[in-house]
Amino acid sequence: MNQPNVVVITGGSRGIGAATALECARRGLGVILTYHRQAEQASQVVRRIGDAGGKAAALMLEVGDTKSFAGFRGAVQDLLAGMWGADSIAGLVNNAGHGLFNPIETVSEAQFDALMNVHLKGPFFLTQSLLPLMMPGAAIVNLTSATTRVATPGVAPYAAFKGGLDVLTRYMAKEFGGRRIRANSVAPGAIRTELGGGLNEAFETLLAGQTALGRVGEPEDVARVIGMLLTGDGGWINAQSIEVAGGYAI
Ligand SMILES: NC(=O)c1ccc[n+]([C@@H]2O[C@H](COP(=O)([O-])OP(=O)(O)OC[C@H]3O[C@@H](n4cnc5c(N)ncnc54)[C@H](OP(=O)(O)O)[C@@H]3O)[C@@H](O)[C@H]2O)c1
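Let me begin by describing the structure that accompanies this report. Quick caveat: nothing in here was measured; it's all calculated off a predicted structure.

1. Digging into the overall build of the protein
Alright, step 1. When helices and strands are tallied, the protein shows seven helices and seven strands.
Alright, step 2. Taken from the N to the C terminus, the helices and strands of the protein come in the order β-α-β-α-β-α-β-α-β-α-β-α-α-β.
Alright, step 3. Here the C-alpha radius of gyration of the protein, 17 Å, is about what a compact globule of 250 residues would show, namely 18 Å.
Alright, step 4. Counting every position in the protein, which comprises 250 residues, the buried fraction comes to 48%.
Alright, step 5. Put simply, of all contacts in the protein between residues at least 6 apart along the chain, 75% involve residues at least 24 apart.
Alright, step 6. Only carbon and sulfur atoms are counted for the fraction: they give 53% of the accessible area of the protein, which is about 11700 Å².
Alright, step 7. Here the protein contributes 20 positively and 20 negatively charged side chains, and the mean placements of these two sets differ by 6 Å.

Structure follows, in C-alpha cells:
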C-alpha cells in the first residue's frame, strides 16, 4: 500500500504543538493531534487545518497515564484506517507537557512524579507503544528545553527530566536506526505560550534581554524546525539536540 504520511503530535491543542500541527499540514502531512483538557481548542486546530485544505483529527490523551496507551494506539489505528486508508505513521512528536516554577527545597514528591510522568516516562512508553505503527523512514521529535543547558531558577525537576529525554533521544536513534527511524530532540528557549502560566510583560522583557536576537520566540519559530525534522528536509539529521532559542543565555 502506498501510505500517506500521517504524524502524531501530542499536546496539539495549544502553543508549540498547535503551531506544529499547522506547519505539518502546510507541508502536506496528515495530522493526528492530541489534547488533554482543551477539546475545543483542539477542534479549532483541526478546523483550521481542514479550512486550509489539509486533513487532521484530534484524540484525548493524558501523557502521564501509560495504562491508556494501548487504547490510544487502537484509536490511532482506527483513525489511520478510517481517514487515510493507512496503517502506519510517518512521525511522532512528543510535545505535550506542563511547567512548574518551584525551587528544589519546596518541590513535593507529587509534583516531581507528575513532571516525570509527563516529560520522561510518558514519551518513553508512548514511543514504545506507537513503534509498531512507524513506517521505515519515520521520524521522532522529542521536545526538550534550553533549561537542560542553562540552570534556570525554579525548574530543576522539569529540566532534569528534559535532560533525561534528551539522552533517551540518542538511544532511540541508535535502537531504531535499523528500521530507518530517526530521532532528534528540539530544545526551545523562551517561547510565547501558556506553559507555566505564560509570560507577563516583565518576564518577557527579562527573557528577551537574555536572548541574543532580543525577543522571545513564537511557537511558529519552533514548529518550522520540527516540520523540517519530520520530513525529507531533515532526512539526514539524526540523534541531535537542536536548540531553537534565538541565542538564549550565550
Ligand atoms: N514555551 C516554552 O517556553 C518552552 C520552552 C522549552 C520547552 N518547551 C516544551 O515545549 C512543549 C510544548 O510546550 P508549550 O509551551 O507549547 O505548552 P502549552 O502552550 O502550555 O501547551 C501544552 C500542551 O500540552 C498538553 N498537555 C499538558 N499536560 C498534558 C498531559 N498531562 N497529558 C497530555 N497533554 C498535556 C496541553 O493540552 P490541553 O491544552 O488540552 O490541556 C497542550 O496542548 C512542552 O514539552 C514544553 O516543556 C516549551
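2. Things to note about the side chain of Glu 23
Alright, step 1. You can see Glu 23 is positioned in helix α1 (residues 15–26).
Alright, step 2. Within the structure, Glu 23 has its side chain in polar contact with the side chain of Arg 26 (distance 2.9 Å).
Alright, step 3. Beyond its immediate sequence surroundings of up to four residues, Glu 23 is in contact with Ala 223, Arg 224 and Gly 227.

3. Things to note about the site of the ligand
Alright, step 1. In the region of the ligand, 30 residues are neighbours, and Ser 13, Arg 14, Asn 95, Tyr 158 and Thr 193 sit closest.
Alright, step 2. The contact in question runs from an oxygen atom of the ligand to an N or O atom on the side chain of Arg 14, over 2.6 Å.
Alright, step 3. The contact in question runs from an oxygen atom of the ligand to an N or O atom on the backbone of Leu 195, over 3.4 Å.
Alright, step 4. Summarising the interface, the protein chains cover 94% of the accessible area of the ligand, which totals 900 Å² for the free molecule.

4. Section: helix α3 (residues 69–84)
Alright, step 1. The end-to-end C-alpha distance of α3, which contains 16 residues, comes to 21 Å, matching closely the 22 Å that a straight helix rising 1.5 Å per residue would cover.
Alright, step 2. For α3, every residue scored as buried is listed here: Phe 69, Phe 72, Val 76, Leu 79, Leu 80 and Trp 84. In an axial view of α3, the angular spread of the buried residues amounts to 100 degrees, which keeps them on one side of the axis. Residues of α3 that are exposed and angled more than 90 degrees away from the buried face: Ala 70, Gly 71, Asp 78 and Gly 82.
Alright, step 3. Looking at the buried side of α3, the elements it contacts are β1 (6–9), β2 (30–35), β3 (56–60), β4 (89–94) and α4 (109–130).
Alright, step 4. Among the residues trailing α3, Gly 85 stands out with phi positive, at a value near 60 degrees.

5. Considerations on the pairing of strand β6 (residues 182–188)
Alright, step 1. Across the seven residues of β6, seven count as buried, placing the element largely inside the fold.
Alright, step 2. Residue alternation in β6 divides its side chains into two sets, Arg 182, Asn 184, Val 186 and Pro 188 and Ala 183, Ser 185 and Ala 187, and both sets are buried.
Alright, step 3. As defined by bridge partners, strand β5 (residues 134–143) adjoins β6 across five bridges and the pair is classed as parallel. Looking across to β6, one finds that Ala 139 is bridged to Arg 182.
Alright, step 4. The pairing of β6 with strand β7 (residues 241–244) spans four bridges and is parallel. Residue Val 186 lies in a different strand from β7, and its bridge partner there is Ile 242.

Conventions we followed
- Residues numbered from 1 in each chain as written.
- Predicted model: local features only at pLDDT ≥ 70, side-chain atom pairs only at ≥ 80, totals over all residues.
- Heavy atoms only, no water.
- Helix = DSSP H or I, 4+ residues; strand = E, 2+ residues; numbered from the N terminus.
- Rg over C-alpha atoms; globule rule 2.2 N^0.38 Å.
- Buried < 20%, exposed > 50% of the residue type's maximum accessible area, 1.4 Å probe, protein only.
- Contact = heavy atoms within 4.5 Å.
- Areas by Shrake-Rupley, 256 points an atom, 1.4 Å probe, with all protein chains shown as cover.
- Lys, Arg positive; Asp, Glu negative; His and termini not counted.
- Charge placed at Lys NZ, Arg CZ, Asp CG, Glu CD.
- Polar contact = N/O pair within 3.5 Å; in protein donor to acceptor, adjacent residues only side chain to side chain.
- Near = heavy atom within 4 Å.
- Expected span 1.5 Å × (residues − 1).
- Arc of directions from axis to C-beta.
- Pairing = 2+ DSSP bridges.

Read these as spatial facts, not as claims about activity.
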